[in-house]
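In case you want the letters, here they are:
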Amino acid sequence: MAPAPKLGLFSSSKLSTPVSGGHLACNPVIDLTATVGDTGNVLFVWRANDQLVSKHAERNQKALAVKWKQDGQFLAVGWSDGVVRLAGLESSKAVHHIRVCDAADAKIDFIAWSRNVIGKRSAGRNPLGALPSHDVSLDDRKSLADLPHELTFLEIETALPKISPLPVSGGSGDDMFVFSTTSSLEFVFRPIQPGEADAVHVMIVGTSDGSIHLSIYDSFVIGSFKYSPRRQSPASSGFQLCGHGSHPKLSTHALLFCPQGRDGTLLHLVPIDLTFVHYSPVNLSLMASKMTTLQNLLRYLKQTQAHMVGEWKSTRELPGRLLNAVKEDLDNMERGPVSIVQALCHTVATGHVFPPVKEWLVDSLAERGHKRWDKAVVSGLENLRSLVHENFLPALERCGIILSRLLGIARFHDTRESIGFRPAQVTRLMDIVSCLMVVAHKILLAVMDELEHFQSFSSWFRLEIDRQASSTLSDELTEKDVTVDNIKVLAYIQRYLVSSPLEVYFGEATREDYTHSQELVDDGASLLEMLDKQLQRQEAGQQYMKALPHISFLVNYLTSRSNVIFQEIAEAEKRSVRFGQPTELSIDQKMWKQDVHVYPRRKSDVTEAVAFTCIVSEGDKDRVYLFRTTIPIVNGISGATSTEACSLVLPKDLSIVDFKFLDENALLVLCSAKEELKHGLVWISYRSTSIPWAEYRQGRAINTANLPPREQQNQMCMWFGFSKIPTGLAPVQMEVQKKSNSRDDMPARVCLLGRDKAMLMSYALPDDLEAAMGHLSLGTTDVPME
């Protein structure tokens, strides 16, 4: 008999750092592999041929779960501090931080991504509206644009100038370095792609306490849930997520839970109905993308505000320390000015310098002190001007556009359907953004005015230092004295030297001021009118609400009111998540590994989700147990399930190393010869009519079928070897990926990790695999959904 065909080598790598804990993840759309180093706290992303793409480390944390998003754009890593950090494809920086659990109570142990098509869109519609079907052919109808759909997802923000990166230093918190590069900004503020306009990506995170955490569109959190069956065994202390299966056309996913505190012989297959995906009163991907972008803009505004405050403080701290050096000497004078402002105004007007001021100018400041002063103020004001003009105002403009879009959505659905937020809430956010725009423009004007006056003051100040340090008045000093604008010098000394008008927006405010302002603005009055009134009172020298004009108060208020909307939307979506009827799966042996896959089918005009579960026991690694669970779905709600089962036995000389579902047709099983270092891959058509399915009941014997020897192929399976496999390489783990052409032309492939945890071998599966096996008979009941 002919030997089994061999799979061609796609790529190989010898990692410089061994893989820790089996944390290995292959990118679905590009030849990249993410691993966790042997120390457990360093994440690596590798390209083929040992090329290190990026490296990210977390101090005092361990990586517990790693998973690529299905479009390959994000890598989700669950860390021991209970946070899932999403790293972008182009950078190792964590662009999103999602708090999943408290590290003291639980740990992250499972992450899964899924892509779901929005229910209304997936059901199909005529994009031509009223056009008769006989006027246009089917092919032409598909090629024509859906004008309402195109207008819905029209990205206005792309017409605006791009947001500029923030300085590397000066930020705060987890987002300190997220917005510091152009590539990172482009990744965080990605516009929704036309191909993804009718889809929503869901991330499911499982924790050790049995909770599951849902988020959509990268980082918009829905909330946490806990599965608890009606009848729970006393021996079980809870259920832990260990498997996930989904299909783009199904809003019902399949979850595998293993009971905690049991002997490991039982699994619960539980449908989870995401009815907000099946039916959403507003297009979910549009609303989620806008909400996520708004969240990111708020993070960007917060970081910009921190930079602005830092730059303003830098313009005041050094001059303040230098001015304090002369304050005590002026206070000790028996006769004369009582402040540096009076003393310097006297010098500008008369040319006379008081002895303490002269000593301060010549001995304390001199040329070096003036240069430090000038650099601190000029660079600080120029940086502050750039932050307002290039960062803060453009971000506010984008916030306004997004809020305008959300206001239209809220008004359209306000009286008919609950979408989690109301027009009045969005209007309030727009009012806050308007206040921030007013404050930002006032800051910009004040900065320009102060910078202009300081330049005149600085020229005079340097001239006065040189004059007092010189015993004679040179012609050069006389010429410089003529060019000094004394009016601006006096204005700077009186208005800016000791205190700045910018203190209204950046100065200190007490907790009582913040609390008082918070109470007043929450009353519902127009915030913009209130701000205008308080600024007028401040300019008139009257008492005013000190916290209201503060940039930090307004940014925090915008964030807190936005968080209320985010929370209400999440609660609205959370109410539409339900667990379906569980199915207990048992093989009467301790389970070693399991995997689950879901595909949709139509049967008698009823949509069904068919969940296939594969299990291998610890003590019997030459047999795979397959379970086929049929889940009827009506209007996005799963019904009573039915399950069939069988087992497939490998030839006697083989043992299972690992297994994974590849797609809707194939289960891949990695095998090794028990007495020799030879490895093979068996491609099993788990939907083949040759598989002896029978109704499953616990305690009843499961039908068994023997797989043919490695030299034989049949309708049920096909054997493969591996080409160019290094001598002595013993694979211990396998990752599989489907064919993809979304970015690169990537074939379906398997990635093998050697026993040394450092050797990675990736093999491509043939494109014509099903043709090589002949036509697969899927049975009369397996009619795929259109």
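All values derive from a computational prediction rather than experimental measurement. (Residues numbered from 1 in each chain as written. Predicted model: local features only at pLDDT ≥ 70, side-chain atom pairs only at ≥ 80, totals over all residues. Heavy atoms only, no water.)

K.L.:
Honestly, the overall build of the chain in this entry has me stumped. Any pointers?
P.N.:
When helices and strands are tallied, the chain shows 16 helices and 33 strands. The buried share among the 786 residues of the chain stands at 54%. Counting only contacts in the chain whose residues sit at least 6 apart along the sequence, the fraction spanning at least 24 positions is 67%. Roughly 35,100 Å² of accessible area belongs to the chain as shown, and the carbon and sulfur atoms make up 49% of that amount. (Helix = DSSP H or I, 4+ residues; strand = E, 2+ residues; numbered from the N terminus. Buried < 20%, exposed > 50% of the residue type's maximum accessible area, 1.4 Å probe, protein only. Contact = heavy atoms within 4.5 Å. Areas by Shrake-Rupley, 256 points an atom, 1.4 Å probe, with all protein chains shown as cover.)

K.L.:
Explain the packing of aromatic side chains to me, please; I cannot follow it from the model alone.
P.N.:
The geometry of two aromatic rings is summed up by the distance between their centres and the angle between their planes. Within the structure shown, the criterion is met by 29 aromatic pairs. Measuring from ring centre to ring centre gives 5.5 Å for F44 and W46, while their planes differ by 25°; the resulting arrangement is stacked. The ring of F187 is capped by R190, whose NZ or CZ atom sits 5.3 Å from the centre of that ring. Of note, K574 hangs over the ring of F225, and the distance from its end group to the ring centre comes to 5.5 Å. (Phe/Tyr/Trp six-rings, centres within 6.5 Å; stacked < 30°, edge-to-face > 60°. Lys NZ or Arg CZ within 6 Å of the ring centre and 35° of its normal.)

K.L.:
Help me understand the packing of helix α13 (residues 511-521) against helix α15 (residues 551-574) in this model?
P.N.:
Axes are the key here: two packed helices are described by the angle between their axes and the distance separating the axes. For the pair α13 and α15, interaxial distance at closest approach is 12 Å and the crossing angle is 50°. Between α13 and α15, the crossing angle belongs to the class labelled oblique. Between α13 and α15 the crossing geometry is right-handed. Along its contact with α13, which presents Y514, S517, Q518 and V521, the element α15 presents S552, F553 and Y557. Class assignment for the residues of the contact of α13 with α15 results in four nonpolar, three polar and no charged. (Axes fitted to C-alpha atoms, helices over the stretch in contact; angles between N-to-C directions. Parallel < 35°, antiparallel > 145°, perpendicular 65-115°, else oblique. Left-handed = near helix turned anticlockwise from the far one by under 90°. Nonpolar A, V, L, I, M, F, W, Y, C, P; charged D, E, K, R; others polar.)

K.L.:
Looking at this model, I keep getting lost on the sheet that holds strand β9 (residues 94-99). Mind explaining?
P.N.:
Hydrogen bonds between backbone atoms are what pair the strands of a sheet, whose relative direction is either parallel or antiparallel. Spatial strand order, β6-β7-β8-β9: four strands in an open sheet with antiparallel pairing. In this open sheet, the two edge strands, each paired with only one partner strand, are β6 (63-68) and β9. Each strand axis lies, on average, 20° off the axis of its neighbour in the sheet, ignoring direction. As paired elements, strand β7 (residues 74-79) and strand β8 (residues 83-88) share five bridges and run antiparallel to each other. Looking across to β8, one finds that L75 is bridged to A87. (Pairing = 2+ DSSP bridges.)

K.L.:
How do you make sense of the nonpolar core when you look at a structure like this?
P.N.:
Across soluble globular proteins, you tend to see nonpolar side chains buried next to one another. Core analysis: the largest hydrophobic core is formed by 162 residues, its most contacted members being W373, F421 and F457. Per-element tally for this core: the top contributor is helix α8 (residues 355-413), with 23 residues. Sequence-distant contacts of W373, that is, excluding residues within four places in its chain, are made with L318, P319, L322, L323, W360, L365, F454, F457, F461 and L497. If you look at the next biggest cluster of nonpolar residues, it comprises 28 residues, including F659, F661, V669 and V682. (Core = buried A, V, L, I, M, F, W, Y, C linked by side-chain atoms within 4.5 Å.)

K.L.:
Would you explain the pairing of strand β3 (residues 32-36) in this entry?
P.N.:
Side chains on a regular strand alternate between the two faces of the sheet. Taken across its five residues, β3 has five buried, putting it largely inside the fold. Relative to β3, strand β2 (residues 24-26) runs antiparallel, the two sharing three bridges. Each bridged residue has a counterpart across the sheet, and for A25 the counterpart in β3 is A34. Connecting β2 to the antiparallel partner β3 that follows it, the hairpin turn spans five residues. Hairpin connection of β3 to strand β4 (residues 42-47): five residues between the antiparallel strands, including G40 at a positive phi of 85°.

K.L.:
Any chance you could explain the confidence of the model for the chain here in plain terms?
P.N.:
For any part of a model where pLDDT is low, the fine detail of the predicted coordinates should not be relied upon. Across the chain, the average pLDDT comes to 85, with 88% of residues at 70 or higher. The model gives residues 121-134 a pLDDT under 50, and that stretch makes 14 contacts with residues more than four places away or in other chains. Low pLDDT (under 50) marks residues 774-781, which in the prediction has 17 contacts with non-local residues, meaning those over four places away or in another chain. (pLDDT = per-residue confidence, 0-100.)

K.L.:
Mind showing me how you'd approach α8 here?
P.N.:
Residues spaced three or four apart along an α-helix point in a common direction, a consequence of the helix completing one turn every 3.6 residues. The first and last C-alpha atoms of α8 sit only 74 Å apart over 59 residues, clearly below the 87 Å expected at 1.5 Å per residue. Along α8, the helix axis deviates most sharply at L365, where the bend reaches about 75°. (Expected span 1.5 Å × (residues − 1). Bend = angle between axes of the 7 residues up to and from the residue.)

K.L.:
Looking at this structure, how should I read unusual backbone geometry?
P.N.:
Peptide bonds are trans in most cases, and residues, glycine excluded, mostly fall at negative phi. For N49, which is not a glycine, the phi torsion comes out positive at approximately 65°. Within the secondary structure layout, N49 lies in the loop between β4 and β5 (51-57). Judged by its relative accessible area of 54%, N49 is exposed. In this model, Y217 sits at a positive phi of 45°, which is unusual for a non-glycine residue. Here Y217 lies in the loop between β12 (211-216) and β13 (220-226). Relative accessible area serves as the criterion here: at 16%, Y217 is assigned to the buried category.

K.L.:
Mind showing me how you'd approach the sheet that holds β4 here?
P.N.:
Judged by pairing direction, the sheet is antiparallel, and its four strands sit side by side in the order β2-β3-β4-β5 without closing on themselves. Single-partner strands in this sheet number two, and they are β2 and β5. In this sheet, neighbouring strand axes are inclined to one another by 20° on average, regardless of whether the strands run parallel or antiparallel.

K.L.:
How do you make sense of a nonpolar patch on the surface when you look at a structure like this?
P.N.:
A cluster of nonpolar side chains, contributed by L151, L154 and I156, occupies part of the molecular surface with about 290 Å² of accessible area. Mapped onto the secondary structure, L154 falls in the loop between α3 (147-152) and α4 (182-188). Accessibility expressed as a relative area gives 49% for L154, which makes it partly exposed. (Patch = residues over 30% accessible without salt bridge, like charges linked within 9 Å, V, L, I, M, F, W, Y side chains within 5 Å. Salt bridge = Lys/Arg side-chain N within 4 Å of Asp/Glu carboxyl O.)

K.L.:
How should the pattern of salt bridges be read in this particular structure?
P.N.:
Between side chains of opposite charge, a pair can form as their charged atoms come close. One pass over the full model with this rule turns up 26 salt bridges. Between D466 and R462 there is a salt bridge whose closest N-O contact spans 3.3 Å. Separated by four residues within a single helix, D466 and R462 lie in helix α9 (residues 423-469), roughly one turn from each other. With a relative accessible area of 24%, D466 lands in the partly exposed category. R467 is the partner of E464 in a salt bridge, and the nearest nitrogen-oxygen pair spans 3.3 Å. Taken together, the residues E464 and R467, both in helix α9 and three residues apart, mark about one turn of the helix. Judged by its relative accessible area of 21%, R467 is partly exposed. Counted as one network, the salt bridges with shared partners bring together K69, D71, R190 and D218.

K.L.:
Before we go on, may I ask you to explain the pairing of strand β21 (residues 623-634) in this structure?
P.N.:
Taking burial as the measure, the 12 residues of β21 include 10 buried ones, the bulk of the element. With nine bridges joining them, strand β20 (residues 606-617) and β21 adopt antiparallel strand pairing. Looking at β21, one finds that E608 is bridged to P632. In textbook terms, the turn of a hairpin is the stretch between consecutive antiparallel strands, and for β20 and β21 this stretch comprises five residues. Pairing analysis gives two bridges linking β21 to strand β22 (residues 637-638), with the strands arranged antiparallel. Each bridged residue has a counterpart across the sheet, and for I633 the counterpart in β22 is S638. In textbook terms, the turn of a hairpin is the stretch between consecutive antiparallel strands, and for β21 and β22 this stretch comprises two residues, one of which, N635, has a positive phi near 55°.

K.L.:
Is there a simple way to think about the side chain of T315 in this case?
P.N.:
In this fold, T315 is placed in helix α6 (residues 284-331). When its relative accessible area of 2% is taken as the criterion, T315 is described as buried. Within the local environment of T315, its side chain forms a polar contact with the backbone oxygen of W312, the two atoms lying 2.5 Å apart. Leave out the neighbours within four places in its chain, and T315 touches A376, V377, G380 and L381. (Polar contact = N/O pair within 3.5 Å; in protein donor to acceptor, adjacent residues only side chain to side chain.)

K.L.:
I keep staring at the packing of α6 against α15 and nothing clicks. Help me out?
P.N.:
Relative to each other, α6 and α15 sit at 160°, their axes nearing to 10 Å. Put simply, α6 runs roughly antiparallel to α15. In this structure, the crossing between α6 and α15 has a hand that is left-handed. Where α6 abuts α15, its residues L284, M287, M291, L294, Q295, L298, L301, K302, Q305, M308 and V309 lie against I551, S552, V555, N556, L558, T559, S562, I565, F566, I569 and E573. Of the residues in the contact of α6 with α15, the class split is 14 nonpolar, six polar and two charged.

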